[in-house]
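# A structural walkthrough
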Amino acid sequence: MATVVVLIINIVSPSVKTQYYSASSLDGFIAAKDNSLDWLLQFGEAEGTGYEDFLAEVGAIAMGSSTYEWLLDHHIKAGTPEEKPWPYQQPTWVFSSRRLPTVRDADLRFVSGTVTHVHEQMVATAAGKNIWVAGGGELAAQFLDAGLLDELIIQVASVTLGQGSPLLPRQIAFPPLRLTSARALGEAFAELHYEVPRQLQVSSPA
């Protein structure tokens, strides 16, 4: 049986938002079953996303271990001729119960446990800028469960995966999310921007 929680979203500051910004397949997955993003990378850079403007307003980043390890394996590639630096200037909190390798010259803070206390640290460090929950879906759901998630910015690709890592493994229906904008990004993506209601019923999967 699903667990239903009624929560009131915490208001940290009118100007600070905690945002889940991610790409998704049309059927609601952020990675394929094998954690592959080939379905997404085939498109290259989406047109007119406003990503650079979004990132400029971010003061702290949260990500789970799978997201972090994907970056290590597919972007950083430490010790190879293709090695690249860490892509973010902002301090990044990596949520993991395992010991993970670090990245040279990156401001990384490895944490575990509930998100509430860590979110307080992130807000203080962000100094008035926004918090980006970069993934995965379960971590974003934990911020939602704690009443800390304000917005979702989702770029929906024109593919279906059938199975994989879900975008947000919670049932949100009463009240629903509030759609504030929707726009086409070329022929491959639609960008959907949602606000999370102040009072929300969240159901966890059975």
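Structural data are supplied above this passage.
In what follows, the accompanying structure is described. (Residues numbered from 1 in each chain as written. Predicted model: local features only at pLDDT ≥ 70, side-chain atom pairs only at ≥ 80, totals over all residues. Heavy atoms only, no water.)

We now examine the pattern of salt bridges. Applying the stated rule across the entire model yields nine salt bridges. Put simply, Arg170 and Glu138 hold a salt bridge, and the shortest N to O gap is 3.1 Å. Here Arg170, found in the loop between strand E9 (165-166) and strand E10 (171-172), pairs with Glu138, found in helix H5 (residues 137-145); they are 32 residues apart in sequence, far enough to count as distant. Residue classification places Glu138 among the partly exposed positions, given a relative accessible area of 39%. (Salt bridge = Lys/Arg side-chain N within 4 Å of Asp/Glu carboxyl O. Helix = DSSP H or I, 4+ residues; strand = E, 2+ residues; numbered from the N terminus. Buried < 20%, exposed > 50% of the residue type's maximum accessible area, 1.4 Å probe, protein only.)

The final tally for this structure, using the stated rule, is eleven aromatic pairs. Summarising the aromatic geometry, the rings of Phe43 and Phe189 are spaced 5.2 Å apart at their centres and angled 70° between planes, so their arrangement reads as edge-to-face. Remark: Phe189 occurs in strand E12 (residues 189-195) and Phe43 occurs in the loop between helix H1 (38-41) and helix H2 (51-56); sequence separation between them is 146 residues. You can call Phe43 partly exposed: its relative accessible area is 26%. The buried category is assigned to Phe189, whose relative accessible area is 7%. Residues Phe95 and Phe143 carry aromatic rings whose centres are separated by 6.1 Å and whose planes lie at 80° to one another, so their mutual orientation is edge-to-face. One end of the pair, Phe95, is in strand E5 (residues 92-95); the other, Phe143, is in helix H5, with 48 residues separating them in the sequence. An identical accessibility class is assigned to Phe95 and Phe143; each is buried. Feature note: the residues Tyr21, Tyr51, Phe54, Tyr68, Trp86, Tyr88, Phe110 and Trp132 constitute an aromatic cluster, connected by ring pairs. (Phe/Tyr/Trp six-rings, centres within 6.5 Å; stacked < 30°, edge-to-face > 60°.)

The values are spatial; any link to function lies outside them.
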